[in-house]
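Below, each chain spelled out in residue letters.
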Amino acid sequence: MLFASEVFIFAFLPAIILLYYTLCRRSRTAQNVLLTIASLFFYAWGEPKFVLIMLAVITANYLFALWIDRIRENRRYAQTVIGLMLAVNLTVFFIFKYLVFTVSNINSIFGADIGVPDIALPIGISFFMFQAISYVIDVYRQKGCVQKNLLNVMLYISFFPQLIAGPIVRYETIADQIHNRKESLEDFADGCCRFIVGLGKKTLLANTLALAADAAFAAEERSVVFAWTGALAYSFQIYFDFSGYSDMALGLGKMFGFHFLENFDYPYISRSISEFWRRWHISLGSWFRDYVYFPLGGSRNVTKGRLVLNLFAVWFLTGLWHGANWTFIVWGLMYFALITLEKLTGFSKKLGAFGHVYTLLFVVLGWVLFRADSISHAAGYMAGMFGLAGNRFFDATAGFYLNENAFYLIAAVLFSIPTARFVREKFGNTKAAAVLYPIALTLLFILSVSFIIKGSYNPFIYFNF
Amino acid sequence: MNTKVQKITALLMFVVIALGSIGFLSYSGFLKHVGWSLLKGYEATVPEDERSYAGRIEYYKSTITSSISDTVDKNHFYINVNGLMQRLLGANLVYDADSDSNVIKLDNGWLAFSIAEFDALPCADRIAGLRDYTEEKGIDFLYVQTPYKICSYESFLPPVVDDYSNANTDELLSRLNEHEVEYIDLRQEFHDRGADHYALYFRTDHHWKPETAFAACDIVMQRLSENYGFQYIEDHHRIENYNVEVYENIFLGSQGNRVGRFYGGLDNISIITPRFDTDFYFCVPEYTPGFDIVRNGSFADTMFDYTHINTEDPFADSPYAAYIGGNYALNIIVNNNTESDKKILFIRDSYSCVFTPFLALNCKELHAIDLRNYSGGTIREYIDEFSPDLVLMMYNPGALAEENLSMFELD
């Protein structure tokens, strides 16, 4: 089920809120059972058969956590169990996400003729697998208590706000909230406002700019201006799509008393690539930091060679996590190269304001790589951006898309920087704001719903991850 | 932001949600339809050997989704809001979940759908095959090609939109030419007469106006009188011999319906009725099983279904369908006040709704068949049974599309 759908907004969400705060009001267990059943229904609405895979993953990790909790004191035994847990989870992850890619590459590189299996990718597998691993490791590290009741693990891993597109909620973040969260009207209202903002980002900005991006990437020829229009449109699309989804997830969580950590912090204002990744998809970055980078040795007290190796591992895996395609791997390795350079030379600190240009240039080029169907497609597209493909500087198509998207591009720029935060801090407590804020957000909600009902273009980029 | 303001915002959000939820829950057919679908619908609609667990789940899901989608915006509030926003932001291309239904605002403000590239040659071959069949029977045949809203001389299309309506049509007519099939290309006829192409069309709909159909009938009757032995009665083709009642701002056409009344405005529609005496028998056989629509009387009393004229809600109905009542599978019209003894079998599409009444003034008996809906046998069987003097086939360029292949089942 999509958040940005009539079924979710007009049927699923009000029904769950009504049941949660009426029938289940007096019992935390009843509320958790309701949210778990609702989450499984939410997932099954999109992919009924994959619910079984998710349930199997949840059950396996529930058992691993119970096991590890019992034998934690025996370090070697515990590490063996952790190794087994990782092997099981990563094997499942590999089969569903990377087996087809691997077999296809073996066939093409070695001229083999291995049958390519027909395996569909379960929606959100990258998110719920990482949460499952987080659960067992956090229990092992005693950052959260083990759950004796399977339902609570199901709720943590399958909770519908963050199930299919993140953020990757660490177990330590909400371990306590499963039983001891406190719902309040203030949180509920704040959650609603956050949901509206996220819905607006998704339906108005991301979906609309997607049309220009898709047209540019699908074109056989594109002028320099059209290539840049498409690249920028995609850069905004992916930001507002993903951060909008995260806003909706955080808002929905708050409606039920859960507090997730922020997933984005205006990444496009960064002055270096390292800073960009501290602001972009924060939950993924911190997951890799805590479960891969630090266990490998991190950056402190290691040799330069080891540091480079650790960074390589993290960024190779980050690229691979985003998809089974060479474009994602090269995209991850591009960040490996840039971040390694920044760490070893510290050059980005000397760039001053030019750091913004340097960062945005590589981020946008990175998104071209990320969006392209293949490396050669990306190379051709980038050549077009710099007029190296024998293409014209400007054409009527570029003019059309710039004209059609002028408002959305301006809005995208304004909301990519902390404009809203500035306005809130400057005018948030004025009488005018007290009147205008509810009107503006209600209008935003109505406009967003109008786009949903209109059946406008509604792609969800992060579903495949 | 202070919490009181956020609480007001949350309340407003839930008022909006509640209005939408009440919208579909209060619709009397919703619960009944969903209930029936969940309890009996799957068994009733899917053959036993095609049933599966996954299919059943998918059926339930699509039933609930479509039921909510169909009823949550019954008053078209959100479609109008969306259209207004698109207009304010100057959007010239309004995307739809179904890309065939993307609404294009032409540079002159008219709304249109574009037509995809299509291989029209097999269609032309089938038309030629039907012509051969009528020739064997000693029956005349004429194909009439209507224009399309997007003009071949000045398309006014945005640079990113390709439209093949005229290219497909050119291919069809070129092939008909090779087969020596008689045809009238009304695109050329109107152009040669200096017509303002876009004035021939509604702003928010892809159909031509009744006034255009009236003029088209004049052109067709001139040809029929020249080559097919029909009588050309000049009085039938002078607009001053008709009452023209204009209903202002009541028509939101097929494109307008997808973008709301504020994006492209509303159209006027004229009801054109003769001032001279007329007497018709009008019948739609088997409109519903065992029930025929039958009307006897003047042109004004028989050729129109005034229930389609809704001056309150432009989304509720199409006043275009007031002309003969819409796209019936079969329509039989007998002119009791004519000296003509000619019988016409008219193979038609929706452009003919407004054309048929004027054509009926010029013959004794007119049988109009819409092959998208007709299931009473083959067209050749109908020709054998009816023995018309002329088989007249008139399609618009939009007929040349994959989904309309049934319109060319002419064997």
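Going by the structure above, here's the rest.
In short, a report on the structure.

Definitions and limits used
Residues numbered from 1 in each chain as written. Chains lettered and ligands numbered in written order. Predicted model: local features only at pLDDT ≥ 70, side-chain atom pairs only at ≥ 80, totals over all residues. Heavy atoms only, no water. Helix = DSSP H or I, 4+ residues; strand = E, 2+ residues; numbered from the N terminus. Rg over C-alpha atoms; globule rule 2.2 N^0.38 Å. Areas by Shrake-Rupley, 256 points an atom, 1.4 Å probe, with all protein chains shown as cover. Lys, Arg positive; Asp, Glu negative; His and termini not counted. Charge placed at Lys NZ, Arg CZ, Asp CG, Glu CD. Buried < 20%, exposed > 50% of the residue type's maximum accessible area, 1.4 Å probe, protein only. Contact = heavy atoms within 4.5 Å. Salt bridge = Lys/Arg side-chain N within 4 Å of Asp/Glu carboxyl O. Polar contact = N/O pair within 3.5 Å; in protein donor to acceptor, adjacent residues only side chain to side chain. Nonpolar A, V, L, I, M, F, W, Y, C, P; charged D, E, K, R; others polar. Axes fitted to C-alpha atoms, helices over the stretch in contact; angles between N-to-C directions. Parallel < 35°, antiparallel > 145°, perpendicular 65-115°, else oblique. Phe/Tyr/Trp six-rings, centres within 6.5 Å; stacked < 30°, edge-to-face > 60°. Lys NZ or Arg CZ within 6 Å of the ring centre and 35° of its normal. Patch = residues over 30% accessible without salt bridge, like charges linked within 9 Å, V, L, I, M, F, W, Y side chains within 5 Å. Pairing = 2+ DSSP bridges. Core = buried A, V, L, I, M, F, W, Y, C linked by side-chain atoms within 4.5 Å.

## Observations regarding the overall build of chain B
Now for step 1: A count of helical and extended segments in chain B gives 13 helices and 13 strands.
Now for step 2: Against the 2.2 N^0.38 benchmark of 22 Å for 411 residues, chain B shows a C-alpha radius of gyration of 24 Å, consistent with a compact globule.
Now for step 3: Across its three principal directions, the C-alpha atoms of chain B cover 85 × 55 × 45 Å.
Now for step 4: If you sum the accessible surface of chain B, you get close to 17,900 Å²; carbon and sulfur atoms cover 48% of it.
Now for step 5: Side-chain charges of chain B comprise 31 positive and 62 negative groups, with the mean position of each set lying 8 Å from the other.

## Regarding the overall build of chain A
Now for step 1: Check the secondary structure of chain A and you find 20 helices and zero strands.
Now for step 2: Computed over the C-alpha atoms, the radius of gyration of chain A is 23 Å, within 12% of the 23 Å expected from 2.2 N^0.38 for a compact globule of 465 residues.
Now for step 3: Dimensions of chain A, computed from the C-alpha atoms along their principal axes, are close to 65 × 65 × 50 Å.
Now for step 4: For chain A, the residues scored as buried account for 57% of the 465 residues in total.
Now for step 5: Sequence separation of at least 24 residues holds for 77% of the intrachain contacts in chain A that already meet a minimum separation of 6.
Now for step 6: As displayed, chain A has an accessible area near 19,100 Å², and 66% of this comes from carbon and sulfur atoms.
Now for step 7: Side chains of chain A give 37 positive and 27 negative charges; the mean places of these two sets differ by 9 Å.

## What to know about the interface of chain B and chain A
Now for step 1: Each side of the interface is counted separately: chain B has 45 residues, and chain A has 49 residues.
Now for step 2: The shortest N-O distance in the salt bridge between Glu 186 of chain A and Lys 7 of chain B comes to 3.0 Å.
Now for step 3: For the pair chain B and chain A, the number of links is ten residue pairs in polar contact (both at pLDDT 80 or more).
Now for step 4: Those elements that place two or more of their residues in the side of chain B that touches chain A are α1 (3-25), α3 (53-72), α4 (77-88), β1 (93-94) and α9 (254-259) of chain B.
Now for step 5: If one sorts the elements of the side of chain B that touches chain A by residue count, α1 of chain B sits on top with 15 residues.
Now for step 6: Residue composition of the side of chain B that touches chain A, grouped by class: 29 nonpolar, eleven polar and five charged.

## A word on the environment of Leu 155 of chain A
All names here are of chain A.
Now for step 1: Here Leu 155 lies in helix α7 (residues 150-158).
Now for step 2: Judged by relative accessible area, which is 1%, Leu 155 ranks as buried.
Now for step 3: Along the primary structure Leu 155 and Phe 415 are separated by 260 residues, whereas in three dimensions their C-alpha atoms are 33 Å apart.
Now for step 4: Non-local contacts of Leu 155, meaning those with residues more than four positions away in its chain, are made with Asn 32, Leu 35, Thr 36, Ile 178 and Phe 258.

## Quick word on the side chain of Gln 131 of chain A
Now for step 1: Residue position: Gln 131 of chain A is located in helix α6 (residues 125-140).
Now for step 2: Exposure remark for Gln 131 of chain A: the relative accessible area of 0% places this residue in the buried category.

## Concerning the packing of helix α3 (residues 50-71) of chain A against α6 of chain A
Each pair of packed helices gets described by two things: the angle between the helix axes and the distance between those axes.
All names here are of chain A.
Now for step 1: Across the interface, α3 lies against α6 with an axial gap of 8 Å and an inter-helix angle of 10°. In terms of axis orientation, α3 runs roughly parallel to α6. Across the interface between the two elements, Met 54, Val 57, Asn 61, Tyr 62, Phe 64, Ala 65, Ile 68 and Asp 69 from α3 touch Phe 128, Met 129, Ala 132, Tyr 135, Val 136, Val 139 and Tyr 140 from α6.
Now for step 2: A breakdown of the residues in the contact of α3 with α6 according to their chemical character gives 13 nonpolar, one polar and one charged.

## Looking at the pattern of salt bridges
Now for step 1: Scanning the entire structure with this criterion turns up 30 salt bridges over all chains.
Now for step 2: The closest approach of N and O atoms between Asp 69 of chain A and Arg 72 of chain A, which form a salt bridge, is 2.8 Å.
Now for step 3: Ionic pairing is found between Arg 372 of chain B and Asp 370 of chain B, a salt bridge with its closest N-O pair at 2.7 Å.
Now for step 4: Among the residues examined, Arg 372 of chain B registers a relative accessible area of 34% and is labelled partly exposed.
Now for step 5: Three or more residues joined by partner-sharing salt bridges are found here, namely Lys 143, Arg 170, Glu 172, Arg 289 and Asp 290 of chain A.

## Thoughts on the packing of aromatic side chains
Now for step 1: All told, the structure shown has 95 aromatic pairs over all chains when counted by the stated rule.
Now for step 2: Ring plane angle 50° and centroid distance 6.0 Å describe the contact between Phe 130 of chain A and Trp 321 of chain A, whose orientation is recorded as tilted. Placement of Phe 130 of chain A in helix α6 and of Trp 321 of chain A in helix α14 (residues 304-322) is noted, with a sequence separation of 191 residues between them. In this structure, Phe 130 of chain A and Trp 321 of chain A share a single accessibility class: buried.
Now for step 3: On the numbers, 6.4 Å between centres and 75° between planes, the contact of Phe 159 of chain A with Phe 256 of chain A is edge-to-face. Taken as a pair, Phe 159 of chain A in the loop between α7 and α8 (171-174) and Phe 256 of chain A in the loop between α11 (224-255) and α12 (273-279) lie far apart in primary sequence, 97 residues in all. As far as burial versus exposure is concerned, Phe 159 of chain A and Phe 256 of chain A are alike and both buried.
Now for step 4: The ring of Phe 230 of chain B has Lys 342 of chain B sitting right over it, with the charged end atom 5.4 Å from the ring centre.

## Thoughts on unusual backbone geometry
Now for step 1: Positive phi, close to 60°, is recorded for His 76 of chain B, a residue that is not glycine.
Now for step 2: Turning to its location among the elements, His 76 of chain B is positioned in the loop between α3 and α4.

## Digging into a negative patch on the surface
Residues and elements named next belong to chain B.
Now for step 1: A cluster of acidic residues, Asp 98, Asp 100, Asp 119, Glu 402 and Glu 403, forms a negative patch at the surface.
Now for step 2: As for its placement among the helices and strands, Asp 119 is situated in the loop between β3 (111-112) and α5 (121-136).
Now for step 3: Of the residues examined, Asp 119 reaches a relative accessible area of 44% and is grouped as partly exposed.

## Comments concerning a nonpolar patch on the surface
All names here are of chain A.
Now for step 1: Judged by side-chain polarity, Trp 67, Tyr 77, Leu 84 and Val 88 come together as a nonpolar surface patch covering roughly 330 Å² of accessible area.
Now for step 2: For the nonpolar patch, the element with the highest residue contribution is helix α4 (residues 75-97), accounting for three residues.
Now for step 3: In this structure, Tyr 77 sits in helix α4.
Now for step 4: On the basis of relative accessibility, which here comes to 35%, the residue Tyr 77 falls in the partly exposed class.

## Digging into the environment of Leu 12 of chain B
Now for step 1: Note that Leu 12 of chain B resides in helix α1.
Now for step 2: Filtering out sequence-adjacent residues up to four positions away, Leu 12 of chain B remains in contact with Pro 438 and Thr 442 of chain A.

## As for the sheet that holds β3 of chain B
Residues and elements named next belong to chain B.
Now for step 1: Read from one edge to the other, the open sheet built from three strands follows the order β1-β2-β3, with strand pairing classed as antiparallel. Only two strands of the sheet have a single neighbouring strand rather than two, namely β1 and β3.
Now for step 2: Direction of pairing for strand β2 (residues 103-105) relative to β3: antiparallel, over a ladder of two bridges. Paired with Lys 105 across the two strands is Leu 111, which belongs to β3.

## Here's the deal with the nonpolar core
Now for step 1: Core analysis: the largest hydrophobic core is formed by 250 residues, its most contacted members being Phe 8 of chain A together with Trp 208 of chain B.
Now for step 2: For this core, the element with the highest residue contribution is helix α10 (residues 185-218) of chain A, accounting for 17 residues.
Now for step 3: Leu 130, Phe 386, Met 393 and Ala 399 of chain B belong to the second largest nonpolar core, which has 36 residues in total.

## Concerning the pairing of strand β7 (residues 267-274) of chain B
Residues and elements named next belong to chain B.
Now for step 1: Within β7, seven of the eight residues are buried, leaving the element largely enclosed by the surrounding structure.
Now for step 2: Of the strand pairs in this sheet, strand β6 (residues 242-251) and β7 are connected by seven bridges, and their pairing is antiparallel. Paired with Phe 251 across the bridge in β7 is Asp 267.

## Some details on the sheet that holds strand β4 (residues 140-145) of chain B
Residues and elements named next belong to chain B.
Now for step 1: Strands sit in the order β5-β4-β13-β11-β12-β10-β8-β9 across an open sheet of eight strands; the sheet is mixed. Both outer strands of the open sheet, β5 (183-185) and β9 (291-297), are each paired with one neighbouring strand and no more. Ignoring which end each strand starts from, the neighbouring axes of this sheet average 15° apart.
Now for step 2: Strand direction decides the pairing type here: strand β8 (residues 280-288) and β9, joined by six bridges, are antiparallel. Across the sheet, Thr 288 pairs through a bridge with Phe 291, a residue of β9.

It is worth stressing that arrangement in space is one thing and function is another; only the former is reported here.
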